[in-house]
Amino acid sequence: MEAVGVAPAPVAAAVKKKLLDLKDPFPTAAAENGAKASPAGKWAMKKKLVGGDAGYVLEDVPHLTDYLPELPTFPNPLQDNPAYSVVKQYFVNPDDTVTQKIVVHKTSARGTHFRRAGPRQRVYFQSDEVNAAIVTCGGLCPGLNTVVRELVCGLYDMYGVTSVVGIEGGYKGFYSKNTIPLTPKSVNDIHKRGGTILGTSRGGHDTAKIVDCLQDRGINQVYIIGGDGTQKGASVIYEEVRRRGLKCSVVGVPKTIDNDIAVIDKSFGFDTAVEEAQRAINAAHVEAESAENGIGVVKLMGRNSGFIAMYATLASRDVGREGSLSSSRDGSRTMAIWSLWWPRVPGRISSRRA
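Conventions used here
Residues numbered from 1 in each chain as written. Predicted model: local features only at pLDDT ≥ 70, side-chain atom pairs only at ≥ 80, totals over all residues. Heavy atoms only, no water. Buried < 20%, exposed > 50% of the residue type's maximum accessible area, 1.4 Å probe, protein only. Helix = DSSP H or I, 4+ residues; strand = E, 2+ residues; numbered from the N terminus. Arc of directions from axis to C-beta. Contact = heavy atoms within 4.5 Å. Polar contact = N/O pair within 3.5 Å; in protein donor to acceptor, adjacent residues only side chain to side chain. Pairing = 2+ DSSP bridges. Right-handed = clockwise from strand over helix to strand, strands pointing away. Expected span 1.5 Å × (residues − 1). Axes fitted to C-alpha atoms, helices over the stretch in contact; angles between N-to-C directions. Patch = residues over 30% accessible without salt bridge, like charges linked within 9 Å, V, L, I, M, F, W, Y side chains within 5 Å. Areas by Shrake-Rupley, 256 points an atom, 1.4 Å probe, with all protein chains shown as cover. Salt bridge = Lys/Arg side-chain N within 4 Å of Asp/Glu carboxyl O. Parallel < 35°, antiparallel > 145°, perpendicular 65-115°, else oblique. Left-handed = near helix turned anticlockwise from the far one by under 90°. Nonpolar A, V, L, I, M, F, W, Y, C, P; charged D, E, K, R; others polar.

Student: Which residues make up helix α5 (residues 207-217), and what values do they have?
Tutor: Burial in α5 covers these residues: Thr207, Ile210, Val211, Cys213 and Leu214. Looking down the long axis of α5, one finds its buried residues gathered within 150 degrees of arc, a one-sided arrangement. Buried positions along α5 lie against α4 (173-176), β11 (221-226) and α6 (228-244). Of the residues one or two after α5, glycine 218 is the one with positive phi, at around 70 degrees.

Student: I'd like a rundown of the environment of serine 201, residues and numbers included.
Tutor: Note on placement: serine 201 falls in the loop between β10 (179-181) and α5. Between the alpha carbons of serine 201 and glycine 139 there is a distance of 7.3 Å; along the sequence they are 62 residues apart. Among the polar contacts made by the side chain of serine 201, one reaches the main-chain carbonyl oxygen of glycine 169 at a distance of 2.6 Å.

Student: Which residues make up the pairing of β11, and what values do they have?
Tutor: Remark: a regular strand shows side chains that alternate across the two faces of the sheet. The buried count for β11 comes to 6 of 6 residues, which makes it a mostly enclosed element. Where strand β8 (residues 132-136) and β11 come together, 5 bridges link them in parallel fashion. Looking at the pairing, alanine 133 lines up with valine 222 of β11. Handedness of the crossover joining β11 and strand β12 (residues 249-254) through α6 is recorded here as right-handed.

Student: I'd like to hear about α6, residue by residue, with values.
Tutor: Each full turn of the α-helix corresponds to 3.6 residues, which orients residues three or four apart in the same direction. Along its 17 residues, α6 runs 25 Å from first to last C-alpha, staying within 8% of the 24 Å computed at 1.5 Å per residue. Of the residues making up α6, those classed as buried are Thr230, Gly233, Ala234, Ile237, Tyr238, Glu239, Glu240, Val241 and Arg242.

Student: If you had to explain the sheet that holds β8 to someone new, which residues and values would you point to?
Tutor: One open sheet holds the 5 strands; their spatial order is β10-β9-β8-β11-β12, and the pairing between them is mixed. Since the sheet does not close on itself, it has two edges, and those belong to β10 and β12, each with one partner. Neighbouring strand axes in the sheet, compared pairwise and without regard to direction, differ in orientation by 25 degrees on average. The sheet contact formed by β11 and β12 spans 6 bridges and is parallel. Pairing of isoleucine 225 across the sheet is with valine 253, part of β12. Each of β8, β9 (164-167), β11 and β12 touches helix α3 (residues 144-158); the most contacted strand, β11, lies at about 160 degrees to it.

Student: Please set out a nonpolar patch on the surface residue by residue, giving values where relevant.
Tutor: Taken together, the side chains of Phe307, Met310, Tyr311 and Leu314 define a hydrophobic patch exposed on the protein surface, amounting to about 370 Å² of accessible area. Counting through the fold element by element, leucine 314 comes out in helix α8 (residues 307-316).

Student: Quick rundown of the packing of α5 against α6? Include the residues and the values.
Tutor: One can describe the packing of α5 onto α6 by two numbers: an axis separation of 10 Å at closest approach and a directional angle of 60 degrees. In terms of their interaxial angle, α5 and α6 are classed as oblique. Here the hand of the crossing between α5 and α6 comes out right-handed. Contacts from Thr207, Ala208, Ile210, Val211, Asp212, Leu214 and Gln215 in α5 reach Val236, Ile237, Glu240, Val241 and Arg244 in α6. A class-by-class count of the residues in the contact of α5 with α6 yields 7 nonpolar, 2 polar and 3 charged.

Take a look at the structure:
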């Protein structure tokens, strides 16, 4: 059984590749405070890079075979699925990568690449041995229930997995609550509801207790849906799983309406955020037009990216006809801006600025 979002181990190519381990430029909080780093933290401070000819660099993802090199592989169940077996070249070649920069000069180095996502012909789990768990953490985001539904239906219908449970209430649900059995029937219409049927919470991350739960319950695939902090927690969970030598795939599903993730087409929830932003822009435009020389200002979220502001501006057409402003005959204007969170600097108070 292949874990969605976890790439297979690198396959030897014609060009000899060299594995490089570089320290993360952002030290952990424990290291900053002079505390002794945990075994998991030690692994978390390294990046997995593979170098090749002509300046080729693969920023690879962790994999089970990094610490369990003798794992057997099995044919992908999709080969026998009538909906997919007829599609030619459906499976992704293990050596396929995607370049970070699309436009380069002919004399430029090949640059950074990322492993291409998609189903492989060989997988590391058999369908009947998989015990999968799904958890949602952090704040709410449009589409959470849809992601849960598609994970469950994909595991059941595409890969033949029949043991899938949901973890209630975020990370703390691993060790403080019971699991919820998930089947295609139980999640059939949850995509029509808001929020998350599994519940969510912030904090509650106790790495040892979470991995103890995975080990005690025999969970060998865990899908963690959450934002930046949640994914950092997922990374620490993986490192503890690795330290214990468990055959357990930890899969991070990024949750952000800001669309600020490189090398993916679009993050879930972004379309809804743009749609709602248009409503605010339209309302501001109406008010600005109703007043002489009126100005409508709409402040949109996005952390360090302006995708919501840009897409909402292009979609509404009430902003942007004159640079970043839309002007009517009487001089009223509508402007869309996004807020940035400025990092703390000693001696200066952090604030949101437009």
